[in-house]
Amino acid sequence: MNLLNWTIFWYRPEMSLSGDQIADRMVDLFLNGAAAPE
């Protein structure tokens, strides 16, 4: 959860992922956890 709270400090628009892509990954992490895909 801390990763989600600190996004405003580490996110840089010039990074390779867009804000929407990062949001999608965070939602997936939050809902599905960090388990390896099967």
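The shown structure was predicted, so the numbers you read here are calculated from the model rather than taken from an experiment.

Asker: What am I meant to see in the overall build of the protein chain here?
Answerer: Each helix and strand in the protein chain was counted, giving 3 helices and 0 strands. Taken from N to C terminus, the helices and strands of the protein chain fall in the order α-α-α. Evaluated residue by residue, the protein chain yields a buried proportion of 8% over its 38 residues. Carbon and sulfur atoms make up 60% of the accessible area of the protein chain, which totals about 3500 Å².

Asker: Just checking my understanding: could you explain helix α3 (residues 19-32) for this structure?
Answerer: One turn of the α-helix equals 3.6 residues, which is why residues spaced by three or four share an orientation. Between the first and last C-alpha of α3 there are 20 Å, a value that for 14 residues agrees with the 20 Å anticipated at 1.5 Å per step. Among the residues trailing α3, glycine 33 stands out with phi positive, at a value near 75°.

Asker: How should the environment of isoleucine 22 be read in this particular structure?
Answerer: Assignment of secondary structure puts isoleucine 22 in helix α3. Discounting chain neighbours no more than four positions away, the residues touching isoleucine 22 are Trp10, Tyr11 and Leu17.

Asker: Just to check I follow, could you spell out the confidence of the model for the protein chain for this structure?
Answerer: Interpretation of the predicted coordinates at a detailed level should be avoided for regions scoring low in pLDDT. Averaged over all residues, the pLDDT of the protein chain is 76; the fraction at 70 or higher stands at 82%. Least confident of the elements in the protein chain is helix α1 (residues 2-5), whose mean pLDDT is 67; most confident is α3, at 84.

Conventions we followed
Residues numbered from 1 in each chain as written. Predicted model: local features only at pLDDT ≥ 70, side-chain atom pairs only at ≥ 80, totals over all residues. Heavy atoms only, no water. Helix = DSSP H or I, 4+ residues; strand = E, 2+ residues; numbered from the N terminus. Buried < 20%, exposed > 50% of the residue type's maximum accessible area, 1.4 Å probe, protein only. Areas by Shrake-Rupley, 256 points an atom, 1.4 Å probe, with all protein chains shown as cover. Expected span 1.5 Å × (residues − 1). Contact = heavy atoms within 4.5 Å. pLDDT = per-residue confidence, 0-100.

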